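# Notes for the structure review
Residues per chain are reported as follows:
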Amino acid sequence: MGDGPRQRGSAATGSSADVAADSGKDTGDSGVALKKEIGLVSACGIIVGNIIGSGIFVSPKGVLENASSVGLALIVWIVTGVITAIGALCYAELGVTIPKSGGDYSYVKDIFGGLAGFLRLWIAVLVIYPTNQAVIALTFSNYILQPLFPTCFPPEKGLSLLAAVCLCNHVWESLEADLWNVQKRDISDTGQPFILTSLSEDTDLSYYWLEPVNAFEPFQKYDVGQIALAFLQGSFAYGGWNFLNYVTEELVDPYVNLPRAIFISIPLVTFVYVFANIAYVTAMSPQELLASNAVAVTFGEKLLGVMSWIMPISVALSTFGGVNGSLFTSSRLFFAGAREGHLPSLLAMIHVKRCTPIPALLFTCLSTLVMLCTSDMYTLINYVGFINYLFYGVTVAGQIVLRIKQPDIHRPIKISLVWPVIYLLFWAFLLIFSLYSEPLVCGTGLAIMLTGVPVYFLGVYWDNKPQCFNTFVDKMTYLGQKFCVVVYPAEDKPKEAGGIELKEEKSPLAGEDNEATK
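Since the model is a prediction, treat every value here as computed from it, not as a measurement.

### Details of helix 6 (residues 114-145)
Taking 1.5 Å of rise per residue, the 32 residues of helix 6 would be expected to cover 46 Å, and the 45 Å separating its terminal C-alpha atoms lies within 8% of that figure. Of all the bends in helix 6, the largest measures some 50° and sits at A124. Taking burial as the measure, the 32 residues of helix 6 include 25 buried ones, the bulk of the element.

### Digging into the nonpolar core
Counting 126 residues, the largest nonpolar core has I51, W77, W241, L244, Y273 and L333 as its most contacted members. Those residues in contact with W241 that lie beyond four places of it in its chain are I51, T84, G87, A88, Y91, I266, Y392 and Y423.

### Side note on the packing of aromatic side chains
The tally for this structure, following the rule as stated, stands at 17 aromatic pairs. For the pair F231 and F426, a centre-to-centre distance of 5.4 Å together with 80° between the ring planes defines the contact as edge-to-face. Taken together, the residues F231 in helix 11 (residues 224-237) and F426 in helix 18 (residues 418-437) connect sequence positions 195 residues apart. The burial state of F231 is the same as that of F426; both residues are buried. By the ring-pair criterion, three or more aromatic residues cluster together here, those being Y91, Y107, W241, Y389 and Y392.

### Some words on the pattern of salt bridges
Within this structure, the stated rule accounts for 4 salt bridges. For E93, the salt bridge identified is with R403, shortest N-O distance 2.8 Å. Residue E93 is located in helix 4 (residues 70-97), and its partner R403 is located in helix 17 (residues 377-405); the two are separated by 310 residues in the primary sequence. Since its relative accessible area comes to 2%, E93 is described here as buried. In this structure R403 comes out as buried when scored by relative accessible area, which is 13%. Taken together, the shared-partner salt bridges connect E93, R403 and R411 into one network.

### Regarding unusual backbone geometry
Of note in the backbone geometry, D253 takes a positive phi value of approximately 50° without being a glycine. Note that D253 resides in the loop between helix 11 and helix 12 (254-283). The phi dihedral of V485 falls on the positive side, at around 55°, and the residue is not glycine. Tracing the backbone shows V485 in the loop between helix 21 (467-484) and strand 2 (486-487). For V485, a relative accessible area of 34% translates into the label partly exposed.

### Focus: the side chain of N277
On the secondary structure map, N277 appears in helix 12. Setting aside residues up to four positions removed in sequence, N277 forms contacts with I56, P60, L74 and W77.

### With respect to the packing of helix 3 (residues 59-67) against helix 4
Helix packing for two helices is described by the angle between their axes and how far apart those axes are. Two numbers describe how helix 3 lies on helix 4: the axes approach to 8 Å, and their chain directions differ by 125°. Here helix 3 is positioned oblique relative to helix 4, judged by the angle of their axes. With respect to the hand of their crossing, helix 3 and helix 4 are arranged in right-handed fashion. Residues S59, P60, V63, L64 and A67 of helix 3 form the contact with helix 4, whose own contacting residues are V70, L72, A73, V76 and W77. Residue composition of the contact of helix 3 with helix 4, by class: 9 nonpolar, 1 polar and no charged.

### Topic: the packing of helix 4 against helix 12
Where helix 4 contacts helix 12, the two axes come as close as 10 Å, and the packing angle between them is 170°. With respect to each other, helix 4 and helix 12 are oriented roughly antiparallel. Seen from helix 4, the contacting residues are V70, L74, W77, I78, G81, T84, A85, A88, L89, A92, G95 and V96; seen from helix 12, they are P254, Y255, L258, I262, F263, I266, T270, Y273, V274, N277, I278 and V281. Each residue belonging to the contact of helix 4 with helix 12 can be placed in one class, and the counts come to 19 nonpolar, 5 polar and no charged.

The rules behind the values
- Here, residues in each chain are numbered from 1, in the same order as that chain's written sequence.
- With the structure being a predicted model, the display of local features is reserved for residues of pLDDT at least 70 and the display and counting of side-chain atom pairs for 80 or more, all residues being used for whole-chain, interface and lining totals.
- The side-chain quantities take in all heavy atoms of the structure and omit both hydrogens and water.
- What counts as a helix is a DSSP run of H or I of at least four residues, what counts as a strand is a run of E of at least two, and both are numbered from the N terminus.
- Expected span of a helix, by definition, is 1.5 Å for each gap between consecutive residues, and there is one gap fewer than residues.
- At any given residue, the bend is defined as the angle formed between two axes, one fitted to the seven residues that end at that position and one fitted to the seven that begin there.
- In this scheme, a residue with accessible area under 20% of its type's maximum is buried, one over 50% is exposed, and one in between is partly exposed, where area comes from a 1.4 Å probe on protein chains only.
- Working definition of a nonpolar core: buried Ala, Val, Leu, Ile, Met, Phe, Trp, Tyr and Cys residues. They are joined through side-chain atoms within 4.5 Å.
- Every residue pair with non-hydrogen atoms within 4.5 Å of one another is taken to be in contact.
- Stacked, tilted and edge-to-face are the three classes applied to pairs of Phe, Tyr and Trp rings, where Trp contributes its six-membered ring and a pair requires centres within 6.5 Å; stacked means planes under 30 degrees apart, edge-to-face means over 60, and tilted covers the rest.
- When a carboxyl oxygen of Asp or Glu lies within 4 Å of a side-chain nitrogen of Lys or Arg, that pair is called a salt bridge.
- In this analysis an axis means a line fitted to C-alpha atoms, helices contributing only their contacting stretch, and an angle means the value between N-to-C directions, from 0 to 180 degrees.
- Note that the term roughly parallel is reserved for angles under 35 degrees, roughly antiparallel for angles over 145, roughly perpendicular for angles of 65 to 115, and oblique for everything else.
- Handedness of a crossing follows from how the near helix is turned relative to the far one, being left-handed for an anticlockwise turn of less than a right angle and right-handed for a clockwise one.
- Each residue receives one of three labels: charged for Asp, Glu, Lys and Arg, nonpolar for Ala, Val, Leu, Ile, Met, Phe, Trp, Tyr, Cys and Pro, and polar for the others, Gly being one of them.

Keep in mind these values describe shape, not function.
Have a look at this one:
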């Protein structure tokens, strides 16, 4: 592999020239590059699979508890779905204007500068994605093992071990990255809504709580702060709607398939969520739902009798696809961060034959396995949930900033500014009243995020590091390259795709970073 890490554009030199040329033939040059093999069905599967993970089996209780009535809880689910669709449209415009993998991290970095982008990456790498994947994997293992322990809870070590097996299985599939694995991901992810909708058929249900006179009968006093928390709980269940933007560079015809996938997936998920909650409240009273720690299991026990074991298996199938999609997209976020110089450069490299970001996948797997060793991941989710939605709003605000500062750049998709304004109004309501209701939880999330500031200045901003440190990093990168058989990918030029062509580690709008190349 020569001396030191391979460089972009020169990945096809030396003994790996022929292999690299073959791997990069789809990009039109001789470099190794990410394969564009995610079609419309796969794109819909990624969105659906990441949204319908474990949220719909956890959030209904939180939404109902904070909404204070069945009718308002259903309104929360509908409104949250509409707002999610609006946010996805905003991200679609950004995704084709700045056609880079990495999602909101890449957009925030290019619009607001390196520090803002790094903080988004920091909180995602540190807690959000490892915790999210660990929770989904644990939900999978819990529902798989529950039929084997009908009178007690499954052992914690067994749950963690099965969750780790599930995670490692998906990592192996992603490392192989062949068409069969893409098709398996499609089947697992897109099959989830059909699992959910089939659960409410052929049952003896009561519609008492759906009648308007009863639906809005509060079981506790309405409170605007609690209603905001209900929206936050619902938003958690819709989490993952932006994950397709993390793999923009691997989409086939992204200008067409990105918006189509959004138009198909978000309404589908909203429909499934609303009717799943209708099924819940027709099968059990609000008091029974609030008393249950596993809503789907209680639902199955009420309606399926001796066949109630079907419900845990169905939930396990849903969460199995959720782990797959979350792992696939989060590894691409780490890949994008390393490519921009915000993470070790090894994480930006891809395999010379399979063209998959193997180091990023292994890093994601290890960080999630560490989370599986902890016992209080739900508290971590509460801490970072506030920050997650803070950056959603910052990213959508960046769309407006980009319109003002660079009005003439080519935008294959251009939506009315009314939509980001509507999203930001909802976002402000959600965060302000959530902070008012839960100042300690939200403040802790802010504190976790701000720990990234000194890390940024020491690790990224500081250029004149000691030579011994740079030498050590180069040697470790070289060993990592040899172990994983990876090189820097050749990159498509964004200008040819109609987007913004940016220099590495630069921002087109933040003057403190540097100017963009035209």
